[in-house]
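# Commentary on secondary and tertiary structure
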Amino acid sequence: MANLQCSHEVEHMCPLAKGAKHACAPIPVEGKWVKSTQISDISGLTHGCGCCAPQQGTCKLTLNVKDGIIQEALVETIGCSGMTHSAAMAAEILPGKTLLEALNTDLVCDAINVAMRELFLQIAYGRTQTAFSEGGLPIGAGLEDLGKGLRSQVGTMFSTKQKGPRYLEMAEGYVLEIGADENGEIIGYKFVHVGKMLEAIRNGEDPKAAFEKNIKTYGRFDEAVKKIDPRKE
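Bear in mind that the values here come from a model prediction, so they are computed numbers and not experimental data. (Residues numbered from 1 in each chain as written. Predicted model: local features only at pLDDT ≥ 70, side-chain atom pairs only at ≥ 80, totals over all residues. Heavy atoms only, no water.)

### What to know about helix α5 (residues 194–202)
- The complete set of buried residues in α5 reads V194, G195, M197 and A200.
- Buried positions along α5 lie against β8 (174–180), β9 (186–192) and α6 (207–213).
- A positive backbone phi angle near 100 degrees is found at G204, which sits one or two residues after α5. (Buried < 20%, exposed > 50% of the residue type's maximum accessible area, 1.4 Å probe, protein only. Helix = DSSP H or I, 4+ residues; strand = E, 2+ residues; numbered from the N terminus. Contact = heavy atoms within 4.5 Å.)

Below, the structure is given as structure tokens:
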């Protein structure tokens, strides 16, 4: 190490022994207790969430890290059209980088950068999702966060004091109708599973048949006394 420059006051201090060695505390890393002193000591799959300065959009970032190197990235964004393009670039940037490189790389969108920061804090302190899972999770495990059809789990609701809530999209799919009881309270909904429908169309099925085959209901929709289209009524 190069000679370190000390202040005049430190130069004239008498040396004293440091005493007992206080090693870093171990953190859980994929089923093992590890005293992490360098980036390569860290492994795990975990998530981070962040939003941009105007808080117009947000990002959920999932990374699968092995020996300090990002092996897998899932970038999910919502609320801002530009973020989808930023997510595409971040997905190219992240795999193969060390955690420290990724933390200090511009991931194009502020929300993704903040998500990376929050994720780094979790993983550096041993708070990963796989902290106590022996061997962690295989590459590709991030896809398990997505629903069938490999679409993000999205919830989109709109509500006003005057007219009440409108369910637009649930994890199950795109809401077609909302069912209400005699009191006007929502008791269920009808939806189409967009991911499955698009897969069927892609595999050659007639679009109308694919649409109808993937329509399902949730809750007590069949008991509803009133059914409305949430986008029109």
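### What to know about the pattern of salt bridges
- Counted under the stated rule, the structure contains nine salt bridges.
- The closest approach of N and O atoms between K213 and E205, which form a salt bridge, is 3.0 Å.
- One salt bridge connects R220 with E223, and the closest N-O pair in it is separated by 3.1 Å.
- Put simply, K60, E76 and D145 are held in one network by salt bridges that share partners. (Salt bridge = Lys/Arg side-chain N within 4 Å of Asp/Glu carboxyl O.)

### Examining the sheet that holds strand β5 (residues 69–78)
- The sheet built from three strands is open, its strands ordered β3-β4-β5 with antiparallel pairing. The open sheet terminates on both sides in strands that have one partner only, identified here as β3 (44–51) and β5. Taking the axes of each pair of neighbouring strands and ignoring which way they run, one obtains an average angle of 15 degrees across the sheet.
- Where strand β4 (residues 58–66) meets β5, nine bridges bridge the pair, whose relative direction is antiparallel. Residue pairing across strands places T58 opposite I78, the latter belonging to β5.
- Sheet strands touched by helix α2 (residues 81–93): β4 and β5. Its angle to β5, the strand with the most contacts, is close to 175 degrees.
- Running at roughly 140 degrees to β3, helix α4 (residues 110–124) makes contact with β3, β4 and β5 of the sheet. (Pairing = 2+ DSSP bridges. Axes fitted to C-alpha atoms, helices over the stretch in contact; angles between N-to-C directions.)

### Observations concerning the pairing of strand β6 (residues 156–160)
- Pairing of β6 with strand β7 (residues 164–169), which is carried by five bridges, proceeds in the antiparallel orientation. When the sheet's bridge partners are listed, F158 is paired in β7 with R166.
- Connecting the antiparallel pair β6 and β7 is a turn made up of three residues.

### Some words on the packing of aromatic side chains
- In the structure shown here, the tally under the stated rule is four aromatic pairs.
- Taken together, a centroid distance of 5.2 Å and an interplanar angle of 20 degrees make the contact between Y189 and Y218 stacked. With Y189 in strand β9 and Y218 in strand β10 (residues 215–219), the pair connects residues that are 29 residues apart, well separated along the chain.
- Take Y189: its relative accessible area is 5%, and that puts it in the buried class.
- Among the aromatic residues, ring-to-ring pairing joins Y167, Y189, F191 and Y218 into one connected group.
- It is R231 that lies over the ring of Y174; its NZ or CZ is 3.7 Å from the centre. (Phe/Tyr/Trp six-rings, centres within 6.5 Å; stacked < 30°, edge-to-face > 60°. Lys NZ or Arg CZ within 6 Å of the ring centre and 35° of its normal.)

### Concerning the environment of A88
- Within the secondary structure, A88 sits in helix α2.
- On a C-alpha basis, the gap between A88 and E76 in space is 9.8 Å, while along the polypeptide they are twelve residues apart.

### Some points on the layout of surface pockets
- Quantified by volume, the largest pocket comes out at close to 230 Å³.
- Contributing to the lining of the largest pocket are C49, T58, C59, K60, E76, T77, I78, D145, S152, Q153, V154 and G155.
- Mapped onto the lining of the largest pocket, the elements with two or more residues apiece are β4 and β5.
- Residues belonging to the lining of the largest pocket are distributed by class as follows: four nonpolar, five polar and three charged.
- For the second largest pocket, the full set of lining residues is K163, G164, P165, R166, I178, A180, G184, I186, K226, I228 and E233.
- Of all the secondary structure elements, the ones that give two or more residues to the lining of the second largest pocket are β7, β8 and β11 (226–228).
- Ranked by residues supplied to the lining of the second largest pocket, first place goes to β7 with three residues.
- Looking at the lining of the second largest pocket, its residues break down into five nonpolar, two polar and four charged. (1 Å grid on protein atoms, 1.4 Å probe; cavity = no way out; pocket = protein on both sides within 12 Å on 5 of 7 lines; lining within 4 Å. Points joined across faces, edges and corners; volume = space filled by probe spheres on them. Nonpolar A, V, L, I, M, F, W, Y, C, P; charged D, E, K, R; others polar.)

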